[in-house]
Amino acid sequence: MQVTEKKHAQEAHDDHGHGHELAHHFVSVEQQHDAGNLGMWMFLTTEVLFFGGLFAAYTIYRYKFEKVFEQASNILDPMLGAINTIVLIFSSVTMAFAVRSAQQGKSKAIVAWLGATIVFGALFLGIKYGEWKHDAHLHVFPTSDFNWTWAREKHAEGEHGHGHDSHGPELKGFVFNSPVVPANYIESDSRNPEAKQAKLFFFLYFSMTSLHALHMIIGFGVMAVIMVYAWYGYYTPHYYVPVESVGLYWHFVDLVWIFLFPLLYLLGAHLGAGH
Amino acid sequence: MSLHPPAKAWTYWANFLALCVLTVVTWLTARMDLGALSTPVALGIAVIKAALVVLFFMHVWESTPLTKLVIGMSLFMLTVLLTFLFTDYATRNYDVLPSDHAAAVSGKH
């Protein structure tokens, strides 16, 4: 009896004639698509609040320590921030075309566009790595190694075109082997309450940008899986929710950066060089 | 037949161009000292850029009313988070850093 029921269910399932395209608990491919899409937006809602907490912390400390936050932001290079913004927006365009290819049922094109998205995402992270290397040189990582006196002095030297370290610190394991800060700088920092405020800016800067970078790296993994499925023609114009969902995720990562760029990089841009 | 007819390719390129222009505009306005206006201008441009991404790259322009409701709710919840947090900070005298506390105790604040 049980066996017969099972067999019957199997036949009913196959009657849809869509293979994997339509799961049997959905009425139509449209309903299935809208449900999947809604689920992804629900997830993105939690992501909005996840990053929202960090944006809230940033806002409070920024109003509390307005002057120092502007000076700390001035240490960052708005040119690199702007280039990275455009690189990331471009990766959103390639992602949009990946989803478009899925809607058109062009499997190999999905693979190509996702590949391009990963390449531009990696370019973004490469530029970020260069920035972090410079940050290590300036001693602005918010650890016990942080030194605001040193950072401002080295930054001013760099802006005036001399004293810039052409080699810079190299990555050794998980840390950069940046030069040791002389004792008189540490002494100067301990007497300066602004050093702690600047450290707070860099704590927020590294938390937000590294959480953002982590999202990108997770995105690379998801895209890689989807590329394999797409290569074997798993997605059709009736079933492409996974491609669309990774697209929504990637555009969300882009959205976060759109807000991070002015708040972190442009806050002190009006101060000009050497501040 | 497809679930959703794909958008015209040029709309994505036009959106990309608009986003690039706005990125340059926000950088140029940030270099000028706009005083109190600098943050509203920077955030205003960021909101326009975000809207372009959400509406056209994320296809919210043509999404279902339920999806739009979820997005509206997420923005509402974010507003609740920020509004109540900021009113709390604005109406209380918090010691944000230990150094502030030390300054307040020694009467230098």
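So, here is what we can say about the structure in this document. (Residues numbered from 1 in each chain as written. Chains lettered and ligands numbered in written order. Predicted model: local features only at pLDDT ≥ 70, side-chain atom pairs only at ≥ 80, totals over all residues. Heavy atoms only, no water.)

1. Comments concerning the overall build of chain B
Thought 1: Counting its secondary structure elements, chain B contains 4 helices and 0 strands.
Thought 2: Element order for chain B, N to C, with α for helix and β for strand: α-α-α-α.
Thought 3: Considering only contacts in chain B between residues 6 or more positions apart, those separated by 24 or more positions represent 52%.
Thought 4: Accessible area for chain B stands at about 6,800 Å²; split by element, carbon and sulfur atoms hold 74% of it. (Helix = DSSP H or I, 4+ residues; strand = E, 2+ residues; numbered from the N terminus. Contact = heavy atoms within 4.5 Å. Areas by Shrake-Rupley, 256 points an atom, 1.4 Å probe, with all protein chains shown as cover.)

2. Looking at the interface of chain A and chain B
Thought 1: Counting from both sides, the interface comprises 56 residues of chain A and, opposite them, 51 residues of chain B.
Thought 2: At the boundary of chain A with chain B, total buried surface from both sides reaches about 4,800 Å², with 79% on carbon and sulfur atoms.
Thought 3: Scanning the region where chain A abuts chain B turns up 4 residue pairs in polar contact (both at pLDDT 80 or more).
Thought 4: Counting residues per element, the side of chain A that touches chain B draws most heavily on helix α2 (residues 29-64) of chain A, which supplies 21 residues. (Buried area = accessible area lost by both parts, 1.4 Å probe. Polar contact = N/O pair within 3.5 Å; in protein donor to acceptor, adjacent residues only side chain to side chain.)

3. What about the pattern of salt bridges?
All names here are of chain A.
Thought 1: All chains considered together, the criterion is met by 4 salt bridges over all chains.
Thought 2: Close ionic contact of E194 with K67 constitutes a salt bridge, the shortest N to O distance being 2.8 Å. Taken together, the residues span a long stretch of sequence, with E194 in helix α8 (residues 193-231) and K67 in helix α3 (residues 66-75) at a distance of 127 residues.
Thought 3: For E187, the salt bridge identified is with R191, shortest N-O distance 3.0 Å. (Salt bridge = Lys/Arg side-chain N within 4 Å of Asp/Glu carboxyl O.)

4. Some details on the packing of helix α9 (residues 241-265) of chain A against helix α2 (residues 38-57) of chain B
Thought 1: Running from amino to carboxyl end, α9(A) crosses α2(B) at an angle of 170°, the nearest separation of the two axes being 9 Å. The pairing of α9(A) with α2(B) is recorded here as roughly antiparallel in orientation. Only B:A42, B:L43, B:A46, B:V47, B:K49, B:A50, B:V53, B:V54 and B:F57 of α2(B) make contact with α9(A), whose side of the interface consists of A:H251, A:D254, A:L255, A:I258, A:F259, A:P262 and A:L263.
Thought 2: Tallied by class, residues from the contact of α9(A) with α2(B) come to 13 nonpolar, 1 polar and 2 charged. (Axes fitted to C-alpha atoms, helices over the stretch in contact; angles between N-to-C directions. Parallel < 35°, antiparallel > 145°, perpendicular 65-115°, else oblique. Nonpolar A, V, L, I, M, F, W, Y, C, P; charged D, E, K, R; others polar.)

5. With respect to α9(A)
Thought 1: End to end, α9(A) covers 35 Å across 25 residues, agreeing with the expected 36 Å (1.5 Å per residue, within 8%).
Thought 2: The buried count for α9(A) comes to 23 of 25 residues, which makes it a mostly enclosed element. (Expected span 1.5 Å × (residues − 1). Buried < 20%, exposed > 50% of the residue type's maximum accessible area, 1.4 Å probe, protein only.)

6. Considering the packing of aromatic side chains
Residues and elements named next belong to chain A.
Thought 1: Going through the model one piece at a time under the given rule, you end up with 33 aromatic pairs over all chains.
Thought 2: Judged by centre distance (6.5 Å) and plane angle (45°), the rings of Y229 and Y235 are tilted.
Thought 3: Classification of Y235 by relative accessible area gives buried; the value is 5%. (Phe/Tyr/Trp six-rings, centres within 6.5 Å; stacked < 30°, edge-to-face > 60°.)

7. A look at the environment of A:V256
All names here are of chain A.
Thought 1: Tracing the sequence through the fold places V256 in helix α9.
Thought 2: The spatial distance from the C-alpha of V256 to the C-alpha of H212 is 7.5 Å, given a sequence separation of 44 residues.
Thought 3: Those residues within four positions of V256 in sequence are excluded, and the remaining contacts are F51, F55 and H212.

Remember, this is a structural readout, not a statement about activity or role.
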